[in-house]
Amino acid sequence: MAQILEKKSSFYVLVVVVMGAFLIPFLGAALNVSLPSIGREFSLDIVILGWIPTSFILANAAFILPFGRLGDIYGRKKIFGIGVGLFTFASFMAFFSPSATYLIVFSFLQGLGCSMIFATGVAILSSVFPIGSRGESFGIYVTSVYIGLLAGPLIGGFLTQNFGWRSIFLFNIPIGIAILSLIFFKIKTDWRGSKGENFDLKGTLIYVPGIIILLYGFTNAFSLYGQLMAILGVLLLVGFIILELKTKNPLINPRIFKKIVPSISSASILLMITSTSAIWTLISLYLQYIQSLSPFIVGIILVIQPLIVAITSPFAGRLSDKIYGAFIALIGSILTIIGLTLAVFIGFDTTIIYIIILAIIMGLGNALFSSPNTNIFISSVERKYYGSASAILSTLIFTGQLLSLGILLLVFSGTLGGLEVMPSQFAAFIVSLKLTFLIFLLISIIGAILIFLLVIKENRTNSLNND
């Protein structure tokens, strides 16, 4: 009887975490499709428009480490549930947003809730499922993330076209309520991995403002004020790293980066995420502004890349276990470079087939790079640092997404200024698009060079082992 109850409890935990994992990528992908409609309703220029997804990702990047640590100390289910509640409330408020300012604030609150969900979801699964069955639960979790990425453009495009962009936020509410109901009625246990340990409040008070100030300064880099803010952000983050080296229970453990492999691997992850994350925001804007496609059709096109990643990633991960993982990641980074090179040549007369080919190439590049390089990074870290390594990986991903959107905002603010994207501004829009893709291309080349260094090191290590 006890085993039956335990299995039921585990099932409900899996359902709750999987539903939470769906919400995060779904909203991000759906927002990409709805941005032009939001811009038209509020008469926004592209810089202000870009702050809607940026504020969402910013909250994730800034708070995922602190909330992950708070979950370990005070209860993962508790932090997860608060996150779902905040996300649901913010979705409800975003539906009624009277202006872009309110929408940006509520997007930030949604991101704050998502950071609580994302920071504790995998840890909850690790707490509930034993090692023998943990892989299956993780597989279901990853599948739900990709379902969110696939469903976001399709459902987001359909809702935006037929019911308006506000309906996307309304769509989230019943899912949030269902998750909260399951947590309250079906899950009675909570899990704490670091009960009784101290929370690194000093580090948090430096890290969170540092990330926020750095991005804000970066997106206003053409002004002296923005440059000073960016410098202040960098100084705060340097101070944070110095403090973490001296802290007994830090938010993030800098000692992980003392070895060459995790340092190079993590740097390449950051660079490749930075060079690819904002691509589909740009493609969505391009297809709707320049090609005049409907949000639903754009959603279908945008679904191609995550579909390719979902299909290919498991094979890439398994392949990296059998042959040199760095070599597979290098192939992925080369495909990314090819895709970005194609993106640089997008213009007024670019065909939809061209965009689809680009999406396929970028999807293959993403899949062949991400799984093997993640494997390299985690495998190069000592077992006792697995928790910190997982948190670092999540932070790198969200930071890369932030930097990617930051570059987009920086370029468009420098070329279009505060101008709304009207037909008279389409030529300037294309110039900004090409310049942004060119910057992403250069960043991806640097990332590929780092991966090439990993290939060389991996070959040397294997040669020594064979001798």
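Everything below is about the structure printed above this text.
Here is what the cut-offs are and how they apply
- Residues numbered from 1 in each chain as written.
- Predicted model: local features only at pLDDT ≥ 70, side-chain atom pairs only at ≥ 80, totals over all residues.
- Heavy atoms only, no water.
- Helix = DSSP H or I, 4+ residues; strand = E, 2+ residues; numbered from the N terminus.
- Buried < 20%, exposed > 50% of the residue type's maximum accessible area, 1.4 Å probe, protein only.
- Contact = heavy atoms within 4.5 Å.
- 1 Å grid on protein atoms, 1.4 Å probe; cavity = no way out; pocket = protein on both sides within 12 Å on 5 of 7 lines; lining within 4 Å.
- Points joined across faces, edges and corners; volume = space filled by probe spheres on them.
- Nonpolar A, V, L, I, M, F, W, Y, C, P; charged D, E, K, R; others polar.
- Core = buried A, V, L, I, M, F, W, Y, C linked by side-chain atoms within 4.5 Å.
- Axes fitted to C-alpha atoms, helices over the stretch in contact; angles between N-to-C directions.
- Parallel < 35°, antiparallel > 145°, perpendicular 65-115°, else oblique.
- Left-handed = near helix turned anticlockwise from the far one by under 90°.

Caption draft 1: Local environment of the overall build of the protein. Check the secondary structure of the protein and you find 16 helices and zero strands. Per-residue burial for the protein yields a buried fraction of 55% across its 467 residues. Considering only contacts in the protein between residues 6 or more positions apart, those separated by 24 or more positions represent 83%.

Caption draft 2: Representation of the layout of surface pockets. Taken as a whole, the second largest pocket encloses approximately 640 Å³ of empty space. In terms of lining residues, the second largest pocket is bounded by 23 residues, among which Leu 237, Ile 241, Leu 270, Leu 396 and Thr 399 are the most central. Considering each element in turn, the lining of the second largest pocket owes the most residues, six residues, to helix α15 (residues 386–415). Residues belonging to the lining of the second largest pocket are distributed by class as follows: 17 nonpolar, four polar and two charged.

Caption draft 3: Main features of the environment of Ser 167. Among the structural elements, Ser 167 can be located in helix α6 (residues 166–186). Taking the C-alpha atoms as reference, Ser 167 lies 10.0 Å from Ala 94; in sequence the two are 73 residues apart. When residues no more than four places from it in sequence are discounted, the contact partners of Ser 167 are Phe 95, Leu 159 and Thr 160.

Caption draft 4: Layout of the nonpolar core. By size, the foremost hydrophobic cluster in this structure holds 134 residues, and its most contacted members are Ile 38, Ile 52, Ile 283, Tyr 286, Ile 346, Phe 429 and Phe 437. If one sorts the elements of this core by residue count, helix α1 (residues 2–42) sits on top with 17 residues. With residues up to four places along the chain from it excluded, the contact list for Ile 346 reads Ile 283, Tyr 286, Tyr 354, Ile 355, Leu 358, Ile 430, Leu 433, Lys 434 and Phe 437.

Caption draft 5: Expanded view of the packing of helix α2 (residues 46–74) against helix α7 (residues 201–218). Remark: α2 packs on α7, axes separated minimally by 9 Å, with the N-to-C direction vectors making an angle of 160 degrees. Judged on the interaxial angle alone, α7 and α2 are roughly antiparallel. At the point where α2 passes α7, the crossing takes the right-handed sense. In this structure, α2 contributes Trp 51, Thr 54, Leu 58, Ala 61, Ala 62, Phe 63, Leu 65 and Pro 66 to the contact, and α7 contributes Thr 204, Tyr 207, Val 208, Ile 211, Ile 212, Leu 215 and Tyr 216.

Any functional reading would require information beyond the geometric quantities listed.
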